[in-house]
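# Survey of secondary and tertiary structure
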Amino acid sequence: MEILAYGVQADEQPLLEQAFAGRHALRTLAVFLNRDTAPLAAGYPAVSSSVNDVLDAGTLAVLAAGGTKVVAQRSTGFNNIDLDAAADLGLTVARVSHYSPYAVAEHAWALALAVNRRLTRAANRSREFDFRLDGLLGRDIHGMTVGVIGTGKIGECFARIAAGFGTTLLGWDIAPNPACVELGMAYTELPELLSRADLISLHVPLLPATHHLIDAAALARMKDDAILINSSRGGLLDSAALVETLRSGRLSGVGLDVYEEETGVFFTDRSIQGITDDTLARLITFPQVLVTSHQAYFTRTAVGQIIDATARNIDDFAAGRRNENVLVPKD
(Lines give C-alpha, C1' and ligand atoms only; values in the text may rest on other atoms or scores of the structure.)
Protein backbone atom coordinates (compact mmCIF):
# COMPACT_ATOMS: atom_id res chain seq x y z
CA MET A 1 0.00 0.00 0.00
CA GLU A 2 1.26 3.50 -0.82
CA ILE A 3 1.39 5.83 2.18
CA LEU A 4 1.94 9.57 2.42
CA ALA A 5 3.07 10.74 5.86
CA TYR A 6 2.64 14.41 6.77
CA GLY A 7 4.39 16.47 9.44
CA VAL A 8 7.39 14.16 9.68
CA GLN A 9 10.19 15.46 11.90
CA ALA A 10 13.82 15.03 10.81
CA ASP A 11 14.60 12.67 13.72
CA GLU A 12 11.42 10.72 13.01
CA GLN A 13 11.99 10.10 9.30
CA PRO A 14 14.62 7.33 9.47
CA LEU A 15 12.56 5.48 12.07
CA LEU A 16 9.48 5.67 9.83
CA GLU A 17 11.41 4.49 6.80
CA GLN A 18 12.88 1.58 8.73
CA ALA A 19 9.49 0.51 10.09
CA PHE A 20 7.79 0.51 6.68
CA ALA A 21 10.66 -0.96 4.66
CA GLY A 22 9.53 -4.10 2.88
CA ARG A 23 5.94 -3.59 4.04
CA HIS A 24 4.54 -0.53 2.25
CA ALA A 25 5.74 2.20 -0.10
CA LEU A 26 6.27 5.30 2.05
CA ARG A 27 6.69 8.96 1.12
CA THR A 28 7.30 11.51 3.86
CA LEU A 29 6.60 15.24 3.94
CA ALA A 30 7.71 17.84 6.48
CA VAL A 31 4.65 20.00 5.70
CA PHE A 32 1.53 19.66 7.80
CA LEU A 33 -1.74 18.29 6.51
CA ASN A 34 -4.52 20.82 5.97
CA ARG A 35 -6.90 21.84 3.20
CA ASP A 36 -4.07 23.43 1.21
CA THR A 37 -1.74 20.42 1.37
CA ALA A 38 -4.35 17.65 1.20
CA PRO A 39 -4.26 17.53 -2.65
CA LEU A 40 -0.69 16.17 -2.38
CA ALA A 41 -2.23 12.92 -1.14
CA ALA A 42 -4.14 12.27 -4.39
CA GLY A 43 -3.58 8.65 -5.38
CA TYR A 44 -2.39 7.56 -1.92
CA PRO A 45 -4.82 5.11 -0.29
CA ALA A 46 -3.20 5.69 3.12
CA VAL A 47 -2.26 8.92 4.85
CA SER A 48 -0.40 9.20 8.14
CA SER A 49 -1.02 12.39 10.08
CA SER A 50 0.66 14.11 13.01
CA VAL A 51 -0.96 15.65 16.07
CA ASN A 52 -0.74 19.21 14.69
CA ASP A 53 -2.29 18.44 11.31
CA VAL A 54 -5.76 19.86 10.67
CA LEU A 55 -8.13 17.10 9.58
CA ASP A 56 -11.37 19.03 9.49
CA ALA A 57 -14.29 18.18 7.22
CA GLY A 58 -12.81 20.11 4.31
CA THR A 59 -9.41 18.41 4.54
CA LEU A 60 -10.99 14.97 4.84
CA ALA A 61 -13.22 15.63 1.84
CA VAL A 62 -10.16 16.42 -0.29
CA LEU A 63 -8.41 13.26 0.92
CA ALA A 64 -11.43 11.08 0.15
CA ALA A 65 -11.87 12.63 -3.28
CA GLY A 66 -8.22 11.83 -4.02
CA GLY A 67 -8.63 8.15 -3.19
CA THR A 68 -7.50 8.01 0.42
CA LYS A 69 -9.15 5.19 2.36
CA VAL A 70 -7.39 5.23 5.73
CA VAL A 71 -5.90 7.91 7.99
CA ALA A 72 -3.38 6.65 10.53
CA GLN A 73 -2.63 9.31 13.12
CA ARG A 74 0.77 9.11 14.80
CA SER A 75 -0.45 10.19 18.22
CA THR A 76 -2.83 9.26 21.01
CA GLY A 77 -4.83 12.48 20.81
CA PHE A 78 -7.26 12.92 17.95
CA ASN A 79 -9.09 16.15 18.75
CA ASN A 80 -7.71 17.51 15.45
CA ILE A 81 -9.77 15.01 13.42
CA ASP A 82 -13.46 15.45 12.55
CA LEU A 83 -14.50 11.85 13.19
CA ASP A 84 -18.10 12.41 12.14
CA ALA A 85 -16.99 13.79 8.78
CA ALA A 86 -14.60 10.86 8.35
CA ALA A 87 -17.44 8.42 8.99
CA ASP A 88 -19.69 10.19 6.49
CA LEU A 89 -16.93 9.98 3.87
CA GLY A 90 -16.30 6.29 4.50
CA LEU A 91 -12.77 6.83 5.77
CA THR A 92 -11.13 4.57 8.33
CA VAL A 93 -9.31 6.48 11.06
CA ALA A 94 -6.87 4.92 13.51
CA ARG A 95 -4.62 6.35 16.19
CA VAL A 96 -1.95 5.13 18.59
CA SER A 97 -3.85 4.24 21.73
CA HIS A 98 -0.78 4.21 23.96
CA TYR A 99 2.98 4.57 24.03
CA SER A 100 5.62 5.05 26.71
CA PRO A 101 3.97 7.06 29.51
CA TYR A 102 7.42 7.62 31.01
CA ALA A 103 8.39 9.94 28.14
CA VAL A 104 5.68 12.49 28.95
CA ALA A 105 5.87 12.11 32.73
CA GLU A 106 9.64 12.59 32.74
CA HIS A 107 9.38 15.68 30.54
CA ALA A 108 6.71 17.13 32.83
CA TRP A 109 9.12 16.72 35.72
CA ALA A 110 11.94 18.22 33.66
CA LEU A 111 9.77 21.32 33.20
CA ALA A 112 8.86 21.40 36.88
CA LEU A 113 12.46 21.15 38.03
CA ALA A 114 13.65 23.69 35.47
CA VAL A 115 11.15 26.39 36.43
CA ASN A 116 11.55 25.71 40.14
CA ARG A 117 15.35 26.06 40.04
CA ARG A 118 15.39 28.80 37.35
CA LEU A 119 17.60 26.69 35.11
CA THR A 120 16.92 28.60 31.89
CA ARG A 121 17.93 31.89 33.47
CA ALA A 122 20.96 30.28 35.12
CA ALA A 123 22.15 28.68 31.86
CA ASN A 124 21.72 31.92 29.91
CA ARG A 125 23.72 33.80 32.52
CA SER A 126 26.51 31.25 32.52
CA ARG A 127 26.93 31.61 28.77
CA GLU A 128 27.62 35.29 29.39
CA PHE A 129 29.98 34.43 32.30
CA ASP A 130 27.54 35.91 34.80
CA PHE A 131 27.68 33.57 37.78
CA ARG A 132 25.55 35.49 40.27
CA LEU A 133 22.78 33.70 42.15
CA ASP A 134 20.42 36.68 42.27
CA GLY A 135 16.90 35.63 41.31
CA LEU A 136 17.73 31.90 41.18
CA LEU A 137 16.32 30.86 44.56
CA GLY A 138 14.21 27.70 44.28
CA ARG A 139 12.45 25.38 46.69
CA ASP A 140 12.88 21.76 47.75
CA ILE A 141 10.51 19.44 45.93
CA HIS A 142 10.80 17.14 48.94
CA GLY A 143 7.97 17.97 51.29
CA MET A 144 5.81 19.70 48.66
CA THR A 145 2.18 18.82 48.10
CA VAL A 146 1.85 17.72 44.47
CA GLY A 147 -1.52 17.70 42.73
CA VAL A 148 -1.96 15.32 39.79
CA ILE A 149 -4.98 16.13 37.63
CA GLY A 150 -5.66 12.96 35.69
CA THR A 151 -4.19 9.73 37.06
CA GLY A 152 -4.14 7.42 34.06
CA LYS A 153 -0.94 5.85 32.78
CA ILE A 154 0.99 9.13 32.44
CA GLY A 155 -0.41 10.64 35.61
CA GLU A 156 0.54 7.47 37.48
CA CYS A 157 4.12 7.69 36.19
CA PHE A 158 4.27 11.35 37.20
CA ALA A 159 2.98 10.42 40.67
CA ARG A 160 5.59 7.66 41.07
CA ILE A 161 8.36 10.15 40.38
CA ALA A 162 6.73 12.60 42.80
CA ALA A 163 6.63 9.91 45.47
CA GLY A 164 10.35 9.35 44.95
CA PHE A 165 10.96 12.99 45.80
CA GLY A 166 9.12 12.56 49.08
CA THR A 167 6.01 14.60 48.36
CA THR A 168 2.43 14.51 49.59
CA LEU A 169 0.21 13.40 46.70
CA LEU A 170 -3.26 14.69 45.82
CA GLY A 171 -5.20 13.36 42.85
CA TRP A 172 -8.29 14.21 40.85
CA ASP A 173 -9.94 11.96 38.29
CA ILE A 174 -13.30 10.39 37.53
CA ALA A 175 -12.14 7.25 39.38
CA PRO A 176 -9.16 6.56 41.66
CA ASN A 177 -6.20 4.64 40.26
CA PRO A 178 -5.38 1.85 42.76
CA ALA A 179 -1.68 2.14 41.94
CA CYS A 180 -1.75 5.81 42.90
CA VAL A 181 -3.66 5.04 46.09
CA GLU A 182 -0.90 2.58 46.98
CA LEU A 183 1.59 5.44 46.59
CA GLY A 184 -0.34 7.32 49.27
CA MET A 185 -2.30 9.61 46.95
CA ALA A 186 -5.42 11.16 48.46
CA TYR A 187 -8.16 11.86 45.94
CA THR A 188 -9.97 15.17 46.41
CA GLU A 189 -12.37 17.45 44.62
CA LEU A 190 -10.65 19.72 42.12
CA PRO A 191 -11.08 22.99 44.07
CA GLU A 192 -9.41 21.45 47.13
CA LEU A 193 -6.52 20.10 45.06
CA LEU A 194 -5.97 23.49 43.44
CA SER A 195 -5.93 25.31 46.76
CA ARG A 196 -3.64 22.87 48.60
CA ALA A 197 -1.05 21.87 46.01
CA ASP A 198 2.35 23.51 45.70
CA LEU A 199 2.88 21.92 42.30
CA ILE A 200 0.10 20.94 39.88
CA SER A 201 0.49 18.84 36.74
CA LEU A 202 -2.21 18.22 34.10
CA HIS A 203 -2.66 14.73 32.63
CA VAL A 204 -6.28 14.55 31.46
CA PRO A 205 -7.43 14.25 27.83
CA LEU A 206 -8.94 17.22 26.02
CA LEU A 207 -12.70 16.73 25.87
CA PRO A 208 -15.60 19.19 25.84
CA ALA A 209 -15.87 18.68 29.61
CA THR A 210 -12.18 19.42 30.19
CA HIS A 211 -11.75 22.37 27.80
CA HIS A 212 -10.38 25.25 29.90
CA LEU A 213 -10.53 23.05 32.98
CA ILE A 214 -7.95 25.46 34.36
CA ASP A 215 -9.69 28.78 33.81
CA ALA A 216 -9.50 32.11 35.64
CA ALA A 217 -11.47 30.77 38.59
CA ALA A 218 -9.24 27.69 38.89
CA LEU A 219 -6.09 29.80 38.66
CA ALA A 220 -7.44 32.08 41.38
CA ARG A 221 -7.74 29.09 43.73
CA MET A 222 -4.06 28.20 43.40
CA LYS A 223 -1.42 29.32 45.85
CA ASP A 224 0.37 32.52 44.84
CA ASP A 225 3.67 30.63 44.60
CA ALA A 226 2.31 27.45 43.01
CA ILE A 227 4.02 25.74 40.06
CA LEU A 228 1.77 24.74 37.14
CA ILE A 229 2.78 22.17 34.49
CA ASN A 230 0.86 21.22 31.35
CA SER A 231 2.23 18.46 29.13
CA SER A 232 -1.15 17.07 28.09
CA ARG A 233 -3.25 19.27 25.77
CA GLY A 234 -3.15 23.04 25.37
CA GLY A 235 -6.92 23.45 25.48
CA LEU A 236 -7.02 22.35 29.12
CA LEU A 237 -5.63 25.73 30.13
CA ASP A 238 -7.13 29.16 29.44
CA SER A 239 -3.99 30.88 28.16
CA ALA A 240 -5.39 34.41 28.33
CA ALA A 241 -6.39 33.87 31.96
CA LEU A 242 -2.91 32.53 32.66
CA VAL A 243 -1.35 35.70 31.24
CA GLU A 244 -3.49 37.84 33.54
CA THR A 245 -2.58 35.62 36.52
CA LEU A 246 1.12 36.05 35.78
CA ARG A 247 0.73 39.79 35.25
CA SER A 248 -0.70 40.05 38.74
CA GLY A 249 2.51 38.55 40.13
CA ARG A 250 1.14 35.11 40.94
CA LEU A 251 2.60 31.61 40.30
CA SER A 252 6.30 31.01 40.83
CA GLY A 253 6.72 28.74 37.82
CA VAL A 254 4.83 27.58 34.75
CA GLY A 255 6.01 24.84 32.39
CA LEU A 256 4.09 24.37 29.14
CA ASP A 257 4.80 21.72 26.54
CA VAL A 258 1.46 22.39 24.83
CA TYR A 259 -0.51 25.49 23.90
CA GLU A 260 -4.13 25.78 22.83
CA GLU A 261 -3.29 27.58 19.57
CA GLU A 262 -0.09 25.69 18.82
CA THR A 263 -1.19 24.36 15.42
CA GLY A 264 0.81 26.06 12.70
CA VAL A 265 3.36 27.37 15.21
CA PHE A 266 4.84 24.43 17.09
CA PHE A 267 7.14 22.20 15.04
CA THR A 268 8.02 25.18 12.80
CA ASP A 269 10.87 27.69 12.71
CA ARG A 270 9.53 31.18 13.46
CA SER A 271 12.87 32.68 14.43
CA ILE A 272 12.93 35.04 11.45
CA GLN A 273 9.33 36.11 10.93
CA GLY A 274 8.31 35.83 14.59
CA ILE A 275 4.80 34.92 15.72
CA THR A 276 1.53 36.83 15.54
CA ASP A 277 -0.05 35.12 18.55
CA ASP A 278 0.13 37.85 21.18
CA THR A 279 -0.86 35.51 24.02
CA LEU A 280 1.92 33.03 23.32
CA ALA A 281 4.42 35.85 22.82
CA ARG A 282 3.47 37.35 26.19
CA LEU A 283 3.68 33.99 27.97
CA ILE A 284 7.22 33.45 26.72
CA THR A 285 8.32 36.84 28.06
CA PHE A 286 7.57 35.96 31.70
CA PRO A 287 10.82 34.88 33.40
CA GLN A 288 9.11 32.10 35.38
CA VAL A 289 7.56 30.52 32.26
CA LEU A 290 9.23 27.80 30.21
CA VAL A 291 7.63 26.73 26.91
CA THR A 292 8.70 23.69 24.91
CA SER A 293 7.29 22.71 21.53
CA HIS A 294 5.09 19.66 22.24
CA GLN A 295 8.17 17.49 22.69
CA ALA A 296 7.22 15.53 25.80
CA TYR A 297 6.53 12.41 23.73
CA PHE A 298 9.73 12.83 21.71
CA THR A 299 12.00 10.07 22.96
CA ARG A 300 13.45 7.27 20.86
CA THR A 301 11.43 4.74 22.86
CA ALA A 302 8.09 6.53 22.54
CA VAL A 303 8.51 7.53 18.89
CA GLY A 304 9.52 3.98 18.04
CA GLN A 305 6.38 2.64 19.71
CA ILE A 306 4.22 5.21 17.93
CA ILE A 307 5.66 4.27 14.55
CA ASP A 308 5.35 0.54 15.21
CA ALA A 309 1.69 0.99 16.15
CA THR A 310 1.07 3.12 13.06
CA ALA A 311 2.61 0.48 10.82
CA ARG A 312 0.45 -2.18 12.46
CA ASN A 313 -2.64 -0.04 11.95
CA ILE A 314 -1.95 0.16 8.23
CA ASP A 315 -1.03 -3.54 8.04
CA ASP A 316 -4.34 -4.44 9.66
CA PHE A 317 -6.32 -2.15 7.37
CA ALA A 318 -4.65 -3.62 4.31
CA ALA A 319 -5.47 -7.13 5.54
CA GLY A 320 -9.09 -6.24 6.36
CA ARG A 321 -8.53 -6.52 10.10
CA ARG A 322 -9.74 -4.19 12.85
CA ASN A 323 -7.72 -3.49 15.98
CA GLU A 324 -8.14 -1.52 19.20
CA ASN A 325 -6.71 1.66 17.63
CA VAL A 326 -9.53 2.17 15.13
CA LEU A 327 -11.70 5.21 15.84
CA VAL A 328 -13.80 5.15 12.64
CA PRO A 329 -15.83 3.20 11.75
CA LYS A 330 -17.17 2.80 15.26
CA ASP A 331 -18.26 -0.54 16.63
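In this text the structure is predicted, and so the values were computed from the model without any measurement.

### Points about the overall build of the chain
Along the backbone of the chain there are 12 helices and 13 strands. By the compact-globule yardstick of 20 Å for 331 residues, the chain fits well, its C-alpha radius of gyration being 21 Å. A burial count over the chain gives 51% of its 331 residues as buried. Total accessible area on the chain is roughly 15200 Å²; 53% of this is exposed by carbon and sulfur atoms. If the 28 positive side-chain charges of the chain are averaged to one point and the 38 negative ones to another, these points end up 3 Å apart.

### Here's the deal with the sheet that holds strand S12 (residues 289-291)
If you walk across this open sheet you meet the seven strands as S8-S7-S6-S9-S10-S11-S12, and the pairing is parallel. Two strands bound the open sheet, and with one partner strand each, they are strand S8 (186-187) and S12. Where strand S10 (residues 227-230) and strand S11 (residues 253-256) come together, four bridges link them in parallel fashion. Residue leucine 228 lies in a different strand from S11, and its bridge partner there is valine 254. Here helix H4 (residues 101-116) sits on the sheet and contacts strand S6 (145-149), strand S9 (199-202), S10, S11 and S12; the angle it forms with S10, its principal contact strand, is near 150°.

### Let's talk about the UniProt feature "domain: D-isomer specific 2-hydroxyacid dehydrogenase catalytic" (unreviewed entry) in the chain
What UniProt calls "domain: D-isomer specific 2-hydroxyacid dehydrogenase catalytic" (unreviewed entry) maps, in this numbering, to residues 8-327. As annotated, residues 8-327 comprises 36% helix and 14% strand, and the C-alpha atoms at either end are separated by 22 Å.

Parameters and conventions
Residues numbered from 1 in each chain as written. Predicted model: local features only at pLDDT ≥ 70, side-chain atom pairs only at ≥ 80, totals over all residues. Heavy atoms only, no water. Helix = DSSP H or I, 4+ residues; strand = E, 2+ residues; numbered from the N terminus. Rg over C-alpha atoms; globule rule 2.2 N^0.38 Å. Buried < 20%, exposed > 50% of the residue type's maximum accessible area, 1.4 Å probe, protein only. Areas by Shrake-Rupley, 256 points an atom, 1.4 Å probe, with all protein chains shown as cover. Lys, Arg positive; Asp, Glu negative; His and termini not counted. Charge placed at Lys NZ, Arg CZ, Asp CG, Glu CD. Pairing = 2+ DSSP bridges. Contact = heavy atoms within 4.5 Å. Axes fitted to C-alpha atoms, helices over the stretch in contact; angles between N-to-C directions. UniProt positions renumbered as here; feature names shortened; annotations may be inferred.

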